[in-house]
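The primary structure of each chain is shown beneath.
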Amino acid sequence: MSAKRGAVGIGAGAVLALTAGCGMLGIGGEEEQSDEDRLVEMLNESSRIDAELMAAELRIVQNCLEEQGFTVHDPWTMMPYEEEPQDSLTYGYPHEEFLLPAEEAAEWGFGQWANGPEGMDDPDNEDYFAAQEEKYEDEGSWEEPDTADWDALDYEDQYAWYVAYQGQEYATEYYGTAQEYADMMSGEGEWAEEEAAEEEAAGEDGEIVVEDDEEWVEPKPGGCQLEMIEALYGEPELIEETEEFDGETETWTYWSYRPENPAWTDQTLWEDIEAKYAEQMSDLQYAFLDCITARGYEGWEFTEYNSMPIWEFFAELYYQDSDAEERAMMVGDSDIEVPPVPEAAGNSYEDWKAYEIQTAVDFAECGEETDYAAASEKAYDEVHVEAYSAVEEDVYAWQEEMNDAVSKAQELLDK
């Protein structure tokens, strides 16, 4: 029995009871479904519903556009998307960034050398990236849409399509006027002149300072997109978000119209996962730090995401002799603290690469000594089950609401 599909018709609580009952009574000879398996099914069903609804929304918009004579559509904008099915609640574990299989650590280190200024010319670079591509090649495929018909349109017709799709205000905000859009796409006219002027004004540090005291507000959707929104969901709502970054408060706005899945948008869920995982791993994290400190790696600390600042540290290492612009581009102004580069790292690219590989090997050995990876996987899985269970009924309610929207969209398409 599928808890997700049943929830649409009879409610989450009843489904959970029935699911448990099937297992206890042994109906059909099946074993009781685990909490994780049930929750994974819930997430995959949510992705399926989301993709089905997105495709229906786009079809409604296309019908509206075609009624106005627009028979060729921007294939990127009109491309529906569906997540690859999950086989677990996690997309990876925090320790995977700093604990590598022993053989991989000894051969490639963390692979950070391949992204450094000198590593790009390293004879091993091509083999490293080929190995990475092979490592992840089975994680789903994706094909780019065919853009031939769209590219064959005049820029004027493309711009008119955007106006019909989302309204003049939206098109002006993101594409400028019809002439500005044509200039931008062709790389000519006033747009090209402005680009050249901005590059010249950038100065030696490569930084452009724009004085803008006005708060930006996203334009309200218009055109066929607004017609679709109003038909399925009613009036869109302008949402204002405020968050603090590096001591400064930033505010931004966006228009919301489709109810969001609690499993994807509940910030508390993700905060609880990280906090409870850190709590469970606290003793082992200290043990791991003691182990690497004994091997000469002093000053390393776990980040707020329960990983180690691998990228940040080795960016500092490989870009220590770069100019200010290149360092700013690659290292940035991250507030994550990293250990100072030790003398043991050496003074040349070859020394730094050897130091990185040895670091990866030593970290891997400390991971084995503390049995860190196994404990990390167990803890991360447990806190994910707990967190998703807490929003389970809300997710089933969202699924039911979205299935109603799919039915409503189909009725509109059948007219």
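Before reading on, note that the structure itself is shown above.
Being a predicted model, the structure only gives us computed values, none of them experimental. (Residues numbered from 1 in each chain as written. Predicted model: local features only at pLDDT ≥ 70, side-chain atom pairs only at ≥ 80, totals over all residues. Heavy atoms only, no water.)

Visitor: Help me understand the pattern of salt bridges in this model?
Guide: Oppositely charged side chains can pair when the atoms bearing their charge come close. Overall, the coordinates contain 15 salt bridges when judged by the stated rule. Linking K220 and E235 is a salt bridge whose minimum nitrogen-to-oxygen distance equals 2.9 Å. Of this pair, K220 sits in the loop between α10 (189-201) and α11 (223-232) while E235 sits in the loop between α11 and β1 (237-245), and the two are 15 residues apart along the sequence. Residue K220 is classed as partly exposed on the basis of its relative accessible area, which comes to 31%. Across the salt bridge formed by R295 and D362, the nearest N and O atoms sit 3.2 Å from each other. Of the two residues, R295 sits in the loop between α13 (267-294) and α14 (310-318) while D362 sits in helix α16 (residues 349-370), which places them 67 residues apart along the sequence. (Salt bridge = Lys/Arg side-chain N within 4 Å of Asp/Glu carboxyl O. Helix = DSSP H or I, 4+ residues; strand = E, 2+ residues; numbered from the N terminus. Buried < 20%, exposed > 50% of the residue type's maximum accessible area, 1.4 Å probe, protein only.)

Visitor: Whenever I open this one, the state of the cysteines confuses me. Can you help?
Guide: Chemically, a disulfide is nothing more than a covalent bond linking the sulfur atoms of two cysteines. All chains considered together, the criterion is met by two disulfides. Note on cysteine connectivity: C64 is disulfide-linked to C224, with sulfurs 2.0 Å apart. Across the disulfide from C64 to C224, rotation about the S-S bond amounts to roughly -75 degrees, and the bridge is consequently left-handed. Pair noted here: C64 is in helix α3 (residues 35-67) and C224 is in helix α11, with a separation of 160 residues, a long-range link. (Disulfide = S-S within 2.5 Å.)

Visitor: What should I look at first to understand the nonpolar core in this one?
Guide: The nonpolar side chains of a soluble globular protein tend to be buried, and buried together. Grouped together as the largest cluster of nonpolar side chains are 53 residues, with contacts concentrated most on F98, F288, I292, W300, M308 and F363. Secondary-structure elements contributing two or more residues to this core are α3, α4 (102-108), α13, α14, α16, α17 (372-390) and α18 (392-414). Within the second largest apolar cluster, 28 residues are counted, among which are I60, C224, M228 and I229. (Core = buried A, V, L, I, M, F, W, Y, C linked by side-chain atoms within 4.5 Å.)

Visitor: When you look at the packing of α14 against α16 in this model, what are you seeing that I'm missing?
Guide: The angle between the axes and the distance between the axes are what describe a pair of packed helices. Their axes nearest at 10 Å, the elements α14 and α16 cross at an angle of 160 degrees. Here α14 lies roughly antiparallel to α16, going by the angle between them. Of the two elements, α14 crosses α16, and the hand of that crossing is right-handed. Taken together, the residues of α16 that come into contact with α14 (itself represented by I310, F313, F314, L317 and Y318) are Y349, W352, K353, Y355, E356, T359 and F363. Here the residues of the contact of α14 with α16 sort into nine nonpolar, one polar and two charged. (Axes fitted to C-alpha atoms, helices over the stretch in contact; angles between N-to-C directions. Parallel < 35°, antiparallel > 145°, perpendicular 65-115°, else oblique. Left-handed = near helix turned anticlockwise from the far one by under 90°. Contact = heavy atoms within 4.5 Å. Nonpolar A, V, L, I, M, F, W, Y, C, P; charged D, E, K, R; others polar.)

Visitor: Even after reading the chapter, I still don't get the packing of α3 against α18, so can you show me in this structure?
Guide: α18 packs onto α3 with a crossing angle of 25 degrees between their chain directions and a minimal axis gap of 9 Å. Compared by their axis directions, α3 and α18 come out roughly parallel. Like other packed secondary-structure pairs, α3 and α18 cross with a definite hand, here left-handed. Considering only residue class, the contact of α3 with α18 consists of 15 nonpolar, four polar and seven charged.

Visitor: I'm lost on the environment of L100 in this one. Help?
Guide: Mapped onto the fold, L100 is located in the loop between α3 and α4. By relative accessible area, L100 is classed as buried at 15%. For the pair formed by L100 and A360, sequence separation is 260 residues and the distance between their alpha carbons is 7.2 Å. Not counting the four nearest positions on each side in its chain, L100 is found in contact with A105, G109, F110 and A364.

Visitor: I tried to follow a negative patch on the surface on my own but got confused; where do I start?
Guide: On the surface, a cluster of negative charge is contributed by E215, E240, E241, E243, E248, E250 and E260. A total of three residues in the negative patch trace back to one element, the largest contributor, which is β1. Structurally, E243 can be placed in strand β1. A relative accessible area of 40% means that E243 is categorised as partly exposed. (Patch = residues over 30% accessible without salt bridge, like charges linked within 9 Å, V, L, I, M, F, W, Y side chains within 5 Å. Areas by Shrake-Rupley, 256 points an atom, 1.4 Å probe, with all protein chains shown as cover. Lys, Arg positive; Asp, Glu negative; His and termini not counted. Charge placed at Lys NZ, Arg CZ, Asp CG, Glu CD.)

Visitor: Help me out: how do you make sense of the packing of aromatic side chains in this one?
Guide: For any pair of aromatic rings, geometry is given as the distance between the ring centres together with the angle between the planes. With the rule as written, the count across this model stands at 36 aromatic pairs. Taking 5.7 Å as the distance between ring centres and 80 degrees as the angle between the ring planes, the aromatic pair formed by F98 and F302 counts as edge-to-face. On the criterion of sequence distance, the pair formed by F98 in the loop between α3 and α4 and F302 in the loop between α13 and α14 is long-range, its members being 204 residues apart. Residue classification places F98 among the buried residues on the basis of a relative accessible area of 0%. Exposure remark for F302: the relative accessible area of 16% places this residue in the buried category. Cation over ring: K353 sits above W113, and NZ or CZ is 4.2 Å from the ring centre. (Phe/Tyr/Trp six-rings, centres within 6.5 Å; stacked < 30°, edge-to-face > 60°. Lys NZ or Arg CZ within 6 Å of the ring centre and 35° of its normal.)

Visitor: How should the environment of Q86 be read in this particular structure?
Guide: Checked against the element boundaries, Q86 lands in the loop between α3 and α4. Q86 gets classed as buried once you look at its relative accessible area, which sits at 12%. Remark: the alpha-carbon pair of Q86 and E41, spanning 45 residues in sequence, is separated by 8.3 Å. Discounting residues that sit within four places of it in the chain, Q86 has contacts with V40, L43, N44 and Y91.

Visitor: Mind showing me how you'd approach the environment of M228 here?
Guide: Among the structural elements, M228 can be located in helix α11. For M228, a relative accessible area of 3% puts it in the buried group. As for M228 and L412, which are separated by 184 residues in sequence, their C-alpha atoms are 9.7 Å apart. Setting aside residues up to four positions removed in sequence, M228 forms contacts with E57, I60, V61, Y233 and Y257.

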